[in-house]
Amino acid sequence: MDEVLKAVFAVDGAKVNFGAVRALDGVTLRVMPGECVGLVGHNGAGKSTIVSVINGGLTPHEGSVASDGERLERYGINAARARGVRCVFQELSLCPNLSIVENTRIMHRDLGGFGWRKRAAKIIEKSLDTVFSGHGIDSGRAVGDLSIAERQMVEIAMAFSDAGIAPRLVILDEPTSSLDASLARQMLDHVRRFTATGGSVIFISHILHEILETSDRIVVMKDGRVVAERPAQGFDHHGLVEAMGTVARGEGGQRSREQSTAPLILSHQAKGLPFAAREGEIVGLAGLAGHGQTELLLALHAAHSGNWLPERDPLVTFVAGDRRLNGVFELWSILRNFSIASLGDLSRRGLVLANEEETKGADWKRRIEIRTPDMDNRILSLSGGNQQKVLFARALATRARVVLMDDPMRGVDVGTKQEVYAIIREEAARGRTFIWYSTETDEVRLCDRVYVFREGRIKAELAGDEVNETNIIATSFEGVAV
Amino acid sequence: AAMPVSAFADTSAKKIALSNNYAGNSWRQAMLTSWEKVTGEAVKAGVVAAADPFTTAENQATEQAAQIQNMILQGYDAIVLNAASPTALNGAVKEACDAGITVVSFDGIVTEPCAWRIAVNFKEMGRSEVEYLAKKLPQGGNLLEIRGLAGVFVDDEISAGIHEGVKQFPQFKIVGSVHGDWAQDVAQKAVAGILPSLPDIVGVVTQGGDGYGAAQAIAATDRKMPTIIMGNREDELKWWKEQKDSTGYETMSVSIAPGVSTLAFWVAQQILDGKQVKKDLVVPFLRIDQDNLETNLANTQAGGVANVEYTQADAIKVIESAK
Amino acid sequence: MFRLSSDAMRLAIPALSLTLLLAAVFWMQPRAVGYVGLNLLFNLAVPIALATIAQMLIMAVNDLDLSMGTFVSFVACVTATFLRDAPATGVLILAGAIGTYAALGVIIHLRNLPSIVATLGMSFVWGGLAVLLLPAPGGQAPDWVRWLMTVKPPLAPMAIVASIAIASVAHLLVMRSSLGVLIRGIGGNQRSVERAGWSIVAARASAYGLAGLFAVLAGISLVGLTTSADANIALRYTLLSIAGVILGGGEFIGGRVSPIGAVIGALTLTLAGSFLSFLRISPDWQIGAQGAILIIVLALRLMLNRLEKQEKRR
Amino acid sequence: MTPLFRLVSKPWIWSWLAAFVVWFLTIMVTLGASTLGLSQAALTFAAFSVIVGIGQMFVITLGPGNIDLSVPATMTLAGTVALKLMNVENGLILSGLLIALVIGLVVGLCNYALIKALRIPPIIATLSTSFIVQSAAIWTNRGLRIKPPSVLAEFTTSNTLGVPNVAIVALLISLLAWFLLEKTIYGRWISAIGQSMPAARMAGIPVDGTRFVTYLFCAVLASVAGYLLACFSGGAALNMGSEYLLMSIAVVVIGGTAVAGGDSNVPGIWGASLFMFLVVSMLNTYGVGAGIRLIMTGLIIISVIMLAGRRAGMR
Ligand SMILES: Nc1ncnc2c1ncn2[C@@H]1O[C@H](COP(=O)(O)OP(=O)(O)OP(=O)(O)O)[C@@H](O)[C@H]1O
Ligand SMILES: Nc1ncnc2c1ncn2[C@@H]1O[C@H](COP(=O)(O)OP(=O)(O)OP(=O)(O)O)[C@@H](O)[C@H]1O
Ligand SMILES: [Mg+2]
Ligand SMILES: [Mg+2]
């Protein structure tokens, strides 16, 4: 009980059901002052759900919520904010049409009154300067004009900002998914500073080394329960993965097949060095986030797919990173979401063949283990990571010989990632080409050849043994070809 | 109609504009055609310098008010006006008068005192329909009323006249009333919808542009064809003629002649010429009866409306008789 | 090269189109230059501008109001009857109408109704009420309304003064105030506003209520110009107000709106009509020309947009 | 899930229910004597709303902001030009239909050209085209009403086995639309585009082609409706399409199609079209004045969508 009294925030035995889905199945979680709690778990483990409970957005069907030793009966968003609970959500949640200052106004309800603009600007600028010194973001800009990384920075700064009620517990749900290594580093440093001054943090990430480095205590969730909870020193990378219930398969080492003889399948006159891809190659696009990699992928897609006439045999297919924006079709079932790109093969004279569609769907469900009882469920009933798997299956099920991937592993758990890596290697061995933008170095190392981007240009091409973290970081910062 | 044109030096430099609020039916089209025909000759003969027609994109008082304001800017000497609303244009009309412009309204007239009005007695038109029916069917019976567009002045006037007529001839009873928006297809739809629930009807009182639609709707059922008052459209007259030839069907047809726009033109010209003209003039409506059906049908353009165009002499006669 | 914010850019384009059109009108019709001419050109734009602001408020929360025209007509009917004959009752009715708008916002939000359909339904209701109130055109503008719309201020004509006043008030309200930020925030990302602890229902109700207020002002000022009302008097304000918002740089979804742009859009639309009558097109094609001019103005907007994008890229 | 519950959760059930209630109230006035007459009239006039409504539905399915306001003008132009061309000759019926179809194609082409090339929002683009098309209709024959060929007039106004022929035509078109939506790739495409255009593009769907075809389809259906209506009502009139502007939108949304796009509903269009006709008939039958009639219509529309309830709006 002593612990409950001291805890900044405590959830006891929380149960949350979404229809038949048991998102939380009796979760108990406490956060002490000055502590960073790392929260990990496979996709759909219930991490975001527990965040919603703490944040006041969701009332658990069972269980209790307490803060500073006081059991909270009527708990909601405003009560949470009054107690200094702040949240960076998994998906970006700013208003893109408003300026940063105006977003600050929205986030802090009590900021009103004459001259609020000045005060809001001061608050957010101070916070940005503290968390990301040297950020160079003008607080008068509209959020929609910012790059995705800049938006995430603003959101993080917003959570740490102080407009009367100081933040006491900051929840970060996969905050680094769009940040490159150096920005992520800045943020993690700030988390350390924040906890050193007595603040508390709940940190959710699928990037395990971040969790291991930053957290004081790590809580592992699986299927809506807490399955392990230990001080961070008690875990290592392997142990963590094991606790999450997925076993990291061997990475299979660097690929060794000689590629340079394979026929050229795609080339593009990008800015900077020319871009080319060969059959069966896995080509990485690296560099700091937002430096032109996505633009190249979009250009490649636009150049090789028709907007006016249907193509039976498209050369390229696309796996989106921003699921909400250009990935899923929200009204549809999982099956329809999966089959939309390969309808050409599943139809005769324009008619969709329902049987073949179902068979193929079931086939892929098995192959990449989409966690759902029924492919006819709505796509939104899947967790984020499982939705991403469906998008993968959609792309791989087409006949396209080139797969463009726009940082598709955002928010995908370690086990799933390993499965997908294996599929990619297998498909590449069969002659399919992958062009893969990733913000994670581990993934870039899986590529045969890597183009490094800086300021919208291809600055370097790395191949074979040159593909390593040192080289990539060196070229993305210095912009010198190796 | 070629007219004897005596040269009026006083108006040969004057410019007249037609402000029209709607062009979407055959009546308005006939009105515009008559205008162009008559004024075209007048311009050629040098009676006036210009007689430009303008039509708004939508049938709205606001748009027409803007149109009148533009005419003020363009420096017209007179505006001939078929108004979307009798009162809502008063602001713009007043501004025109203040700018020294002669405003003559017809058909859709305006109430602003500075403007001239060439009015049709719509109330009387409605009443005369019932009167005709009373003469033809002295024993009376049930009537179906087809109204025009809700909220429009003409609709209200004619309908008031019809109800007055029913009061005058109490052997008639209006058992149903629908809005046909002065359009054959809308009338047809509305009548078809109410017809199944109506008792036997002996007559249909209308406002013009809706008689044929009513006939179509009734023909689609097995009811006996009641006496439908027609509205001078060619398809109505033709249908009437067919019925007359095959079954001896009898009715009458009444409406305002679209050529009244040309009367308004000549009145405006006379006012510009310095004539003293009373502010309120009345034109008779154009009525077609059983005996003059064939003549009128022959004079009506296929798909058009029975029409009368006016000459300068006609206008002078109308002006004189009002004094 | 300085960089314009996207808000400033959203304004620059409509302003430029208005200037071009105005230049063309002045060139064709020199009489339009000057105090009286400008007033004649623009005074009917005042109610349109107010209705456009109202529509813009609704569009700011990602909804669309198809009842704008009938509502303004209804207000005009109330103004020309009750507001003149029994001012207290008239004010009460108009307040009730604004309340209904706010309530509609609440219902749309709570029941998650498509705004297009709900307002389509309301357009029948307002139209019906207007017909009940004024079965035939009539009524008369209250004297103070008439005075307000025909007053001749020094320096600039009423139409210009009113447009500037409307634009400024709406700008302060929508772009500068906290409530405005909240309303636009709902259009941008309702979820995040909700998560910050705001009541979306209340904010939506205020957006609708404010829209109702501006629409009421539109109806009153319209009667001030026309001196009387009828049930169909402002039907085309529905499409005009939407077109005005779009011409002014607003967008259908995403809470991207600009009040100053909306007023400019309304002025542009009005001016486009005058431009056409000065062209003296054959009556058959006068209606079509209105379509053509809409296309041309929007094409101009596109062209300038493209130019601006190229600037940015450089 | 009981069958009843599944039925209630269908978005189209409410419009059918509303239509049935109104139908019942109307025939009760005559204690059922008007059943056949009213039903036939309802089917006849609903048919025109159904045909234009289906076209509008396809366009609305394309997602927020997609709407075709040129429907009334297209109907008018197709009707006037076709009747003028046929000039009461039975031999020219097919040519008349052909010219109506061509007009639909041209209007659809113009609509999409404006939307695509000039990036004009569809609501404004189609409004602009509608002005031009309306002008063209005025210019072609200045509002003269030309009679349809006798065979056509006979066909459109008579019944087969008690069912109005126009209703049969509308039913065939509905079946085609249902088939397109549910069974073909094209149906999947427009639904996908309606849910998310960027996602559709990334999934390799020919977005422009699909949207183009959809706008063509809508305009062609409008011109077919105009052709039939002109023949049915004994000649084209310049204002004959005007009431189909609000009508075409109303039947789509009352019928349960998501206004936010991506989800369409053919049966609902029928329910809504019958309802829209019957509600006017009912109020006329009860002798309600125009004002009350309009208010009731509005309240009923709102009640229907409130009952149909929690659908994603234009948010
Ligand atoms: N809207 C929904 N309706 C029904 N079930 C849902 C819904 N959203 C999520 N679920 C279920 O809840 C589980 C967890 O989903 P959630 O999005 O929380 O996963 P996650 O842990 O965030 O996974 P990921 O890392 O893949 O995003 C999934 O099994 C999913 O099926
Ligand atoms: N609104 C919702 N409706 C239905 N089910 C939901 C909803 N939100 C979450 N779920 C389900 O609850 C479960 C827990 O989801 P949660 O988002 O907490 O997972 P998570 O651990 O955050 O996953 P990820 O790592 O993918 O973010 C999932 O199965 C998810 O599908
Ligand atoms: Mg999550
Ligand atoms: Mg997730």
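Here is what the cut-offs are and how they apply
Residues numbered from 1 in each chain as written. Chains lettered and ligands numbered in written order. Predicted model: local features only at pLDDT ≥ 70, side-chain atom pairs only at ≥ 80, totals over all residues. Heavy atoms only, no water. UniProt positions renumbered as here; feature names shortened; annotations may be inferred. Contact = heavy atoms within 4.5 Å. Buried area = accessible area lost by both parts, 1.4 Å probe. Salt bridge = Lys/Arg side-chain N within 4 Å of Asp/Glu carboxyl O. Near = heavy atom within 4 Å. Polar contact = N/O pair within 3.5 Å; in protein donor to acceptor, adjacent residues only side chain to side chain. Areas by Shrake-Rupley, 256 points an atom, 1.4 Å probe, with all protein chains shown as cover. Helix = DSSP H or I, 4+ residues; strand = E, 2+ residues; numbered from the N terminus. Nonpolar A, V, L, I, M, F, W, Y, C, P; charged D, E, K, R; others polar. Disulfide = S-S within 2.5 Å. Buried < 20%, exposed > 50% of the residue type's maximum accessible area, 1.4 Å probe, protein only. Domains from an automatic or database assignment.

An unreviewed UniProt entry annotates chain D as ABC transporter permease of Rhizobium herbae. Taken verbatim from the UniProt record of chain D, the Subcellular location (unreviewed entry) comment is "Cell membrane".

The name given to chain A in an unreviewed UniProt entry is Sugar ABC transporter ATP-binding protein, with the source organism recorded as Rhizobium herbae. What the UniProt record of chain A gives under Sequence similarities (unreviewed entry) is the line "Belongs to the ABC transporter superfamily."

### What to know about the interface of chain A and chain C
On the chain C side, the residues contacting the 24 residues of chain A number 23 residues. Between chain A and chain C, roughly 2000 Å² of surface is buried when both sides are summed, and carbon and sulfur atoms account for 49% of that area. When residues of chain A are sorted by the area they lose upon contact with chain C, A:Asn97, A:Ile106 and A:Arg117 head the list and together hold 28% of the total. There are one salt bridge connecting chain A and chain C.

### Focus on the site of ligand 2
Residue and element names in this part refer to chain A. In the vicinity of ligand 2 lie 15 residues, with Gly46, Lys47, Ser48, Thr49 and Gln90 positioned nearest. The contact in question runs from an oxygen atom of ligand 2 to an N or O atom on the side chain of glutamate 174, over 3.4 Å. For ligand 2, whose unbound accessible area comes to 620 Å², protein coverage reaches 75%. Contributions of two or more residues to the shell around ligand 2 are made by strand S2 (21-31) and helix H2 (47-55). With three residues, the single largest contributor to the shell around ligand 2 is H2. Of the residues assigned to the shell around ligand 2, the class counts are four nonpolar, nine polar and two charged.

### Details of the state of the cysteines
Scanning the model with the defined rule gives one disulfide over all chains in all. Between the sulfur atoms of B:Cys97 and its disulfide mate B:Cys114 the distance is 2.0 Å. Classification of the bridge connecting B:Cys97 and B:Cys114 rests on its S-S torsion, roughly 75°, and on that basis the disulfide is right-handed. Taken together, the residues span a long stretch of sequence, with B:Cys97 in helix H3 (residues 90-98) and B:Cys114 in the loop between strand S4 (102-106) and strand S5 (116-119) at a distance of 17 residues. On the accessibility criterion, B:Cys97 (18% relative accessible area) is buried. Take D:Cys218: it sits in no disulfide, and the sulfur closest to it among the cysteines is that of D:Cys110, at 14 Å.

### Let's talk about the pattern of salt bridges
Using the criterion set out here, one finds 44 salt bridges over all chains in the structure. A:Glu150 is the salt-bridge partner of A:Arg141, the closest N and O atoms lying 4.0 Å from each other. Across the salt bridge formed by D:Lys116 and D:Asp208, the nearest N and O atoms sit 3.2 Å from each other. Separated by 92 residues along the polypeptide, D:Lys116 in helix H5 (residues 93-117) and D:Asp208 in helix H11 (residues 207-232) bring together distant segments of the chain. The exposure class assigned to D:Lys116 is partly exposed, which follows from its relative accessible area of 32%. Put simply, A:Arg367, A:Glu426, A:Glu427, A:Arg430 and A:Arg432 are held in one network by salt bridges that share partners.

### What to know about the domain arrangement of chain A
Many structure descriptions define interface size as the accessible area lost when the parts assemble. Residues and elements named next belong to chain A. Taken domain by domain, chain A consists of domain 1 (2-244) and domain 2 (264-478). Inter-centroid distance (C-alpha atoms) of domain 1 to domain 2 is 30 Å. Taken together, domain 1 and domain 2 are joined by zero salt bridges. Inspection of the domain 1/domain 2 interface yields zero residue pairs in polar contact (both at pLDDT 80 or more). Taken together, the residues of the side of domain 1 that touches domain 2 break down into five nonpolar, eight polar and two charged.

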